[in-house]
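# Structure at a glance
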Amino acid sequence: MVTNSTMLLLITIGTLIVGLALLILFHQNMNATKGYRLRSLERERSQLLLEQEILNMEVAKAQALETLQNDPKISAMQKITKPQFIKTETSLAEKP
């Protein structure tokens, strides 16, 4: 009877150890998977930020004065012959 209870105790302890080891293994696997996904998302974020920087530089280049001056659409516009400017000596509210 003592031998059977000792054997049952050893089997129970062994099963608990194996069960806990498997639980730890699955938990560590989930953490590693989350870490890998987080690293890949951070890499993708940095790549998208770099792409945004490049696009911002292209937008700034397209809006640059030199680009606008050399644009064929703008150079095809009519030139103003006699521009009229607002006099700053009188206020606009005092118009006769």
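Everything numeric here is computed off the predicted structure, so don't read it as measured data. Note that residues are indexed from 1 along each chain, following the sequence as it is written. In view of the model being predicted, local features appear only for residues whose pLDDT reaches at least 70, and side-chain atom pairs are presented and counted only at 80 or more, with totals across whole chains, interfaces and linings using the full set of residues. Side-chain calculation: all heavy atoms of the structure are included, whereas hydrogens and water are not.

### Examining the overall build of the chain
The way it works is that DSSP assigns letters per residue, a run of H or I at least four long becomes a helix, a run of E at least two long becomes a strand, and they are numbered from the N terminus. A count of helical and extended segments in the chain gives three helices and zero strands. Reading the chain from its N terminus to its C terminus gives the helix and strand order α-α-α. The buried label applies to any residue whose accessible area, calculated with a 1.4 Å probe on protein chains only, is under 20% of its type's maximum; exposed applies above 50%, and partly exposed to all values in between. Relative to its 96 residues, the chain shows a buried fraction of 0%. Where accessible areas are quoted, they stem from the Shrake-Rupley method and a 1.4 Å probe; at the residue level, only the protein chains shown are allowed to cover. Only carbon and sulfur atoms are counted for the fraction: they give 65% of the accessible area of the chain, which is about 10000 Å².

### Examining a nonpolar patch on the surface
Here the term patch refers to residues with relative accessible area over 30% and no salt bridge, with like charges joined within 9 Å and nonpolar side chains (Val, Leu, Ile, Met, Phe, Trp, Tyr) within 5 Å. Definition used for salt bridges: Asp or Glu carboxyl oxygen within 4 Å of a side-chain nitrogen of Lys or Arg. Nonpolar side chains collect at one region of the surface, where Val18, Leu22, Leu25 and Phe26 lie side by side and expose about 400 Å² of accessible area between them. Looking at where leucine 25 falls in the secondary structure, it is placed in helix α1 (residues 2–62). Residue classification places leucine 25 among the exposed residues on the basis of a relative accessible area of 52%.

### Points about the confidence of the model for the chain
Confidence of the predictor at the level of single residues is given by pLDDT, which spans 0 to 100. Predicted confidence across the chain gives a mean pLDDT of 87, with 90% of residues reaching 70 or more. Looking at the elements of the chain, mean pLDDT is at its lowest for helix α2 (residues 65–69), recorded as 80, and at its highest for α1, recorded as 94.

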